[in-house]
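# Structural overview
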Amino acid sequence: MAALSEPVFLLNLNPLFTSKNPYPIHFMNLPKLPSKPLVIATCCAATPSPSPSPSFPQDSDQKPLQISPERTRDRRKVVRLAWEKLVRWSRSWRSKAKTDVLERTKKVVVLGGGSFGTAMAAHVANRKAQMEVSMLVRDPSVCQSINENHCNYKYFPEHKLPENVTATSDAKTALLGADYCLHAVPVQFSASFLEGIAEHVEPGLPFISLSKGLELNTLRMMSQIIPQALKNPRQPFIALSGPSFALELMNKLPTAMVVASKDKKLANAVQQLLASSHLRISTSRDVTGVEIAGALKNVLAIAAGIVEGMNLGNNSMAALVAQGCSEIRWLATKMGAKPATITGLSGTGDIMLTCFVNLSRNKTVGVRLGSGENLDDILSSMNQVAEGVSTAGAVIALAQKYNVKMPVLTAVARIVDSELTPKKAVLELMSLPQVEEV
């Protein structure tokens, strides 16, 4: 009994707390034991313990975390001060913003009468009532609709266009005296279209490209197509990209995009021309990154649509889009793009919009493919161009050129070429080697 007069630590070896249990127990704030020998009494699992087993409070027993009113006030004060600082910075910046570009711009020409070209024409026209916005369209009925009814009946029959938007089918009339040109012709038709109007294009006219994609046979981007088709390597070029549906632009919903040009002054000028209370415009010098991200996201959107059409679930969708983002980054950086561009508006921003929203025509193609429809039937029923279909093959050729493995985007190209079924593609992708994430 003498031994029991010393401190005794009883360790109950309940099976729940043996070494096989993956959740260790940490006893905090135990009193400091004397340096004398410690007697440890043990008992087998079957022996009842004289003391109650350790109990742990359940979630329902825990009281909500109480935060003192003083701490709440302090937190709110920090948030308020941070917001006020941001607002002051914004107002200071706006007070210094230049408006000379908008003031001296008298005419803007828009090449193409599609949905996005029409939306941008309306947006620019709303920037200044005295500005002439001339749309060059090939369809006489669309031209008549714009001039007589102030609407593009084919794409936006319910939306009135500003009075200063006009349309013509004559290239010379449209381009005469233009200060800026918005190019909204689909990529696959751009070279032949531009070659036909080249004689009317001033060598110093800045071209703002709204077209996203790669030319199928040549793998060229718009920054290469435009100067080569116009036979002017010094033709000023700007790429406009980012998450933007034409319908939401027409409805003046908040939107953010990026303009990219190797000429910083030109990018700043276009930013000033386009930025408004509902359209934020960032600038970039990474033309390659902005263009390649804009082209590849259309192919990825088809893949996302296939997943939805096959009802593969949200896990599959998230995994596929994440993999696709990595593939786009791998190729873009190999081509000289900046990683930051791929995670910005023209990359991740545009990918999220195109892959997750049903207004996307490329995703729509994928949904119908995943549901079992034939590609030719899908395309013949659409009144807009899904650039991802024609871009898919070009993307894979680029990947081979730069020695980049792109399993998801390659699968899309194979499906588009009718050489692989969506179901077989899923099985093959899921059977790929388990590798380290990069």
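Look up a bit, the structure's there.
What comes next is a walk through the structure.

What counts, and where the lines are drawn
- Residues numbered from 1 in each chain as written.
- Predicted model: local features only at pLDDT ≥ 70, side-chain atom pairs only at ≥ 80, totals over all residues.
- Heavy atoms only, no water.
- Helix = DSSP H or I, 4+ residues; strand = E, 2+ residues; numbered from the N terminus.
- Buried < 20%, exposed > 50% of the residue type's maximum accessible area, 1.4 Å probe, protein only.
- Contact = heavy atoms within 4.5 Å.
- Areas by Shrake-Rupley, 256 points an atom, 1.4 Å probe, with all protein chains shown as cover.
- Salt bridge = Lys/Arg side-chain N within 4 Å of Asp/Glu carboxyl O.
- Axes fitted to C-alpha atoms, helices over the stretch in contact; angles between N-to-C directions.
- Parallel < 35°, antiparallel > 145°, perpendicular 65-115°, else oblique.
- Left-handed = near helix turned anticlockwise from the far one by under 90°.
- Nonpolar A, V, L, I, M, F, W, Y, C, P; charged D, E, K, R; others polar.
- Patch = residues over 30% accessible without salt bridge, like charges linked within 9 Å, V, L, I, M, F, W, Y side chains within 5 Å.
- Pairing = 2+ DSSP bridges.
- Right-handed = clockwise from strand over helix to strand, strands pointing away.
- Polar contact = N/O pair within 3.5 Å; in protein donor to acceptor, adjacent residues only side chain to side chain.

### Considerations on the overall build of the protein chain
Each helix and strand counted, the protein chain has 18 helices and 10 strands in total. Burial status across the protein chain gives 42% buried among its 438 residues. Taking contacts inside the protein chain between residues at least 6 apart in sequence as the whole, the part at least 24 apart equals 74%. By element, 56% of the accessible surface of the protein chain is carried by carbon and sulfur atoms, the whole surface being about 25,300 Å².

### Here's the deal with the pattern of salt bridges
In total, this model carries 12 salt bridges according to the counting rule given. The residue Asp 100 makes a salt bridge to Arg 104 at a minimum N-O spacing of 2.7 Å. Linking Asp 100 with Arg 104, this pair stays in helix H2 (residues 100-104), spanning 4 residues, or about one helical turn. Note on Asp 100: relative accessible area 30%, which makes it partly exposed.

### Some thoughts on the packing of helix H17 (residues 407-416) against helix H18 (residues 422-430)
Contact geometry of H17 with H18 gives a least axis separation of 10 Å together with a crossing angle of 160°. Classed by the angle they form, the pair H17 and H18 counts as roughly antiparallel. Here H17 runs over H18; the crossing is right-handed. Between H17 and H18, the residues in contact are Pro 407, Val 408, Ala 411 and Ile 415 and Pro 422, Ala 425 and Leu 429, respectively. Its residues assigned to classes, the contact of H17 with H18 shows 7 nonpolar, no polar and no charged.

### Some points on a nonpolar patch on the surface
A surface patch of nonpolar side chains, about 580 Å² in accessible area, is lined by Trp 83, Leu 86, Trp 89 and Trp 93. Within the secondary structure layout, Trp 93 lies in helix H1 (residues 69-96).

### Considering the pairing of strand E9 (residues 255-260)
With 5 of 6 residues buried, E9 is to be regarded as a mostly interior element. The sheet contact formed by strand E8 (residues 237-241) and E9 spans 3 bridges and is antiparallel. Paired with Leu 240 across the two strands is Val 259, which belongs to E9. The pairing of E9 with strand E10 (residues 279-284) spans 6 bridges and is classified as parallel. Across the sheet, the residue bridging to Ala 256 is Arg 280, located in E10. For the segment spanning E9, helix H9 (residues 264-274) and E10, crossover handedness is right-handed.

### With respect to the pairing of strand E3 (residues 107-111)
One face of the sheet, then the other: side chains in a regular strand alternate in exactly this way. Judged by how many residues are buried, E3 sits mostly within the fold: 5 of 5 residues are covered. Judged by which residues are buried, E3 turns out to be covered on both faces: Lys 107, Val 109 and Leu 111 on one side and Val 108 and Val 110 on the other are all buried. Read from E3 through helix H3 (residues 115-127) to strand E4 (residues 132-136), the crossover connection turns out right-handed. In this structure, E3 lies alongside strand E6 (residues 180-183), joined through 4 bridges in parallel fashion. Bridging from a neighbouring strand, Leu 111 pairs with His 183 of E6.

### A short note on the packing of helix H16 (residues 387-401) against H17
As a packed pair, H16 and H17 sit with axes 9 Å apart at the nearest point and diverge in direction by 125°. One finds that H16 runs oblique with respect to H17. Viewed along their axes, H16 and H17 form a crossing whose handedness is left-handed. Judged by residue contacts, Val 389, Ala 392, Gly 393, Val 395 and Ile 396 of H16 engage Leu 409, Thr 410, Ala 413 and Val 416 from H17. Taken together, the residues that form the contact of H16 with H17 break down as 7 nonpolar, 2 polar and no charged.

### A closer look at the side chain of Glu 215
When you line up the elements, Glu 215 lands in the loop between strand E7 (207-209) and helix H7 (222-229). The class for Glu 215 is buried, based on a relative accessible area of 11%. In terms of polar contacts, Glu 215 uses its side chain to reach the side chain of Thr 218, at 2.4 Å. Side-chain polar atoms of Glu 215 contact the side chain of Arg 220, separated by 2.7 Å. Residue contacts for Glu 215: discarding those within four places in its chain leaves Val 187, Gln 188, Ala 191, Arg 220, Ile 225 and Ala 394.

### Quick word on the sheet that holds E8
On the basis of which strands lie adjacent, the open sheet formed by 8 strands has the order E5-E4-E3-E6-E7-E8-E9-E10 and mixed pairing. One side of each edge strand has no neighbouring strand; the edge strands of this open sheet are strand E5 (165-168) and E10. The mean angle between the axes of side-by-side strands here comes to 25°, regardless of whether they run parallel or antiparallel. Where H9 meets the sheet, it contacts E6, E7, E8, E9 and E10, and its direction lies at approximately 175° from that of E10. Against the sheet, helix H13 (residues 345-356) engages E8, E9 and E10, with an angle of about 145° to E9.

### Here's the deal with the environment of Asn 403
Along the polypeptide, Asn 403 turns up in the loop between H16 and H17. Asn 403 gets classed as exposed once you look at its relative accessible area, which sits at 65%. With 73 residues separating them in the primary sequence, Asn 403 and Trp 330 have C-alpha atoms 9.9 Å apart.

### Describing unusual backbone geometry
A positive phi angle, near 55°, is found at His 150, a position not held by glycine. The residue His 150 is located in the loop between helix H4 (140-149) and E5 in this model. Its relative accessible area of 17% is what places His 150 among the buried residues. Phi is positive for Lys 252, close to 60°, though the residue is something other than glycine. For Lys 252, the position within the fold is in the loop between helix H8 (246-250) and E9.

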